[in-house]
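As a plain string of letters, each chain reads:
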Amino acid sequence: MSSNYEKVEIGDATLYRGDCLEILPMLSDVDAVITDPPYSSGGAFRSDRVQKTSDKYVLTGTLVQRPEFSGDNRDQRAFVEWCCIWLGRALAASKPGSVACLFTDWRQLPSTTDALQGAGYVWRGLVPWDKTPACRPHVGRFASQCEYIVWGSAGPLPQERGVGCLPGLLSCAVERDKEHITQKPQKMVEQVLEICPASGTVLDPFLGSGTTGVACANLGRKFIGIEIEPEYFDIACKRIEGAHAQGRLFG
């Protein structure tokens, strides 16, 4: 196995800069996989999907230029196969009865549900994320106002997990002030984290700008994050360090 990775410890968070396919086999005792993998979406055709992420996901005329990210140009067959590989390794690192929550959009929803099951998880359902009427408008057609969380479990899911009754629909507007092109709202991610027991460890194999790690710091969960892009890894480290420092400040 390659040793071409960097490891950073910040409080209860362990962050790796490298390829998740290489790092996942090193991990164990995960209670929840909560992640926003590259969708390989952004268009109806192959020519659309292979565009730069800034062209696919950023409105024309946007002034803030954020770093590109890789792994977002697979066709659907390649996307499913790749997801089955990393999800299978995440499953092997997880405890029996742990959960997995994967963000996806409408284009890749069928592929993501297939991949979750192909990797060995039990598919438990969908949680729509309503991006509210503040989402990107589309003249003459329905707005793409929802994305989705595909979730499942590593085998049987015990009811007595120290987790209460959670909503089956999340409503939260997309944040305009963000570090990553596809960054999810922190408040919404914190709601998703409630699926993990309070003393549990959350794994995010696609750390991005570190929103899940910040949410874990705020809610007191242990965290493991992996990011392949050096620029985003540095951003995530700074954000998570700031969240831990803020937690220490307020006790």
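Each remark here, short or long, concerns the structure printed above.
Now for a description of the structure that goes with this document. Just so you know, these numbers come straight off a predicted model, no measurement behind them.

**With respect to the nonpolar core**
Formed by 32 residues in total, the largest nonpolar core has its most connected members in Leu-15, Ile-34, Val-192, Val-202, Phe-223 and Ile-240. When residues of this core are assigned to their parent elements, the largest contribution, five residues, is made by helix H8 (residues 230-250). Among residues more than four places away in sequence, those in contact with Val-192 are Ile-34, Cys-101, Phe-103, Ile-149 and Leu-170. Among the nonpolar cores identified, the runner-up in size contains 29 residues, and Leu-91, Leu-109, Leu-116 and Ile-226 belong to it.

**Re the packing of helix H4 (residues 76-92) against helix H5 (residues 109-118)**
Following both chains from N to C, one finds H4 and H5 inclined at 35°, their axes separated by 8 Å at the closest point. Judged by the sense of rotation from one axis to the other, the crossing of H4 with H5 is right-handed. Seen from H4, the contacting residues are Gln-76, Phe-79, Val-80, Cys-83, Cys-84 and Leu-87; seen from H5, they are Ser-111, Thr-112, Ala-115, Leu-116 and Gly-118. Partitioned by chemical class, the residues of the contact of H4 with H5 number seven nonpolar, four polar and no charged.

**As for H5**
Along H5, the residues that are buried comprise Leu-109, Ser-111, Thr-112, Thr-113, Ala-115 and Leu-116. Of the surrounding elements, those touching the buried residues of H5 are H4, strand E4 (94-104), strand E5 (122-130) and strand E6 (146-153). Count one or two residues on from H5 and you reach Gly-120, which has phi positive near 115°.

**Quick notes on the sheet that holds strand E9 (residues 222-227)**
Pairing is mixed across the open sheet formed by nine strands, whose spatial order is E1-E2-E9-E8-E3-E4-E6-E5-E7. If you trace the sheet from one side to the other, it starts and ends with strand E1 (6-10) and strand E7 (170-171), each paired once. As paired elements, E5 and E7 share two bridges and run parallel to each other. When the sheet's bridge partners are listed, Trp-129 is paired in E7 with Leu-170. The strands touched by H4 within the sheet are strand E3 (30-35), E4 and strand E8 (201-204), with E4 carrying the most contacts at an inclination of about 150°. Together, E4, E5 and E6 form the strand contacts of H5, whose direction differs from that of E6 by roughly 10°.

**Points about the environment of Asp-105**
Relative to the helices and strands, Asp-105 resides in the loop between E4 and H5. Along the chain, Asp-105 and Ser-41 lie 64 residues apart, while their C-alpha atoms are 7.8 Å from each other. With residues up to four places along the chain from it excluded, the contact list for Asp-105 reads Tyr-39, Ser-41, Glu-147 and Tyr-148. Among the polar contacts made by the side chain of Asp-105, one reaches the main-chain amide nitrogen of Gln-108 at a distance of 3.1 Å.

**Some remarks on the pairing of E9**
For E9, the buried fraction is high: five of the six residues fall into the buried class. Sheet topology places strand E2 (residues 13-17) next to E9; five bridges connect them, and they run parallel. Counterpart to Ala-13 in the pairing with E9 is Phe-223. Where E8 and E9 come together, four bridges link them in parallel fashion.

**Structural notes on the side chain of Arg-161**
Here Arg-161 is to be found in the loop between E6 and E7. Notably, Arg-161 is buried but unbridged: the nearest opposite-charge side chain belongs to Asp-31, and the N-O separation is 7.1 Å. Only 2.8 Å separates the side chain of Arg-161 from the backbone oxygen of Ile-195, close enough to count as a polar contact.

**Here we look at the pattern of salt bridges**
Side-chain pairs of opposite charge can arise whenever the charged atoms involved come near each other. Counting across every chain of the model gives seven salt bridges. Of the charged contacts, one joins Glu-9 and Lys-7 as a salt bridge, the two residues approaching to 3.6 Å between their closest N and O atoms. Notably, a salt bridge pairs Asp-31 with Lys-95, separated by 3.2 Å at the nearest N-O pair. Here Asp-31, found in strand E3, pairs with Lys-95, found in strand E4; they are 64 residues apart in sequence, far enough to count as distant. By relative accessible area, Lys-95 is classed as partly exposed at 34%.

Conventions we followed
- Residues numbered from 1 in each chain as written.
- Predicted model: local features only at pLDDT ≥ 70, side-chain atom pairs only at ≥ 80, totals over all residues.
- Heavy atoms only, no water.
- Core = buried A, V, L, I, M, F, W, Y, C linked by side-chain atoms within 4.5 Å.
- Buried < 20%, exposed > 50% of the residue type's maximum accessible area, 1.4 Å probe, protein only.
- Helix = DSSP H or I, 4+ residues; strand = E, 2+ residues; numbered from the N terminus.
- Contact = heavy atoms within 4.5 Å.
- Axes fitted to C-alpha atoms, helices over the stretch in contact; angles between N-to-C directions.
- Left-handed = near helix turned anticlockwise from the far one by under 90°.
- Nonpolar A, V, L, I, M, F, W, Y, C, P; charged D, E, K, R; others polar.
- Pairing = 2+ DSSP bridges.
- Polar contact = N/O pair within 3.5 Å; in protein donor to acceptor, adjacent residues only side chain to side chain.
- Lys, Arg positive; Asp, Glu negative; His and termini not counted.
- Salt bridge = Lys/Arg side-chain N within 4 Å of Asp/Glu carboxyl O.

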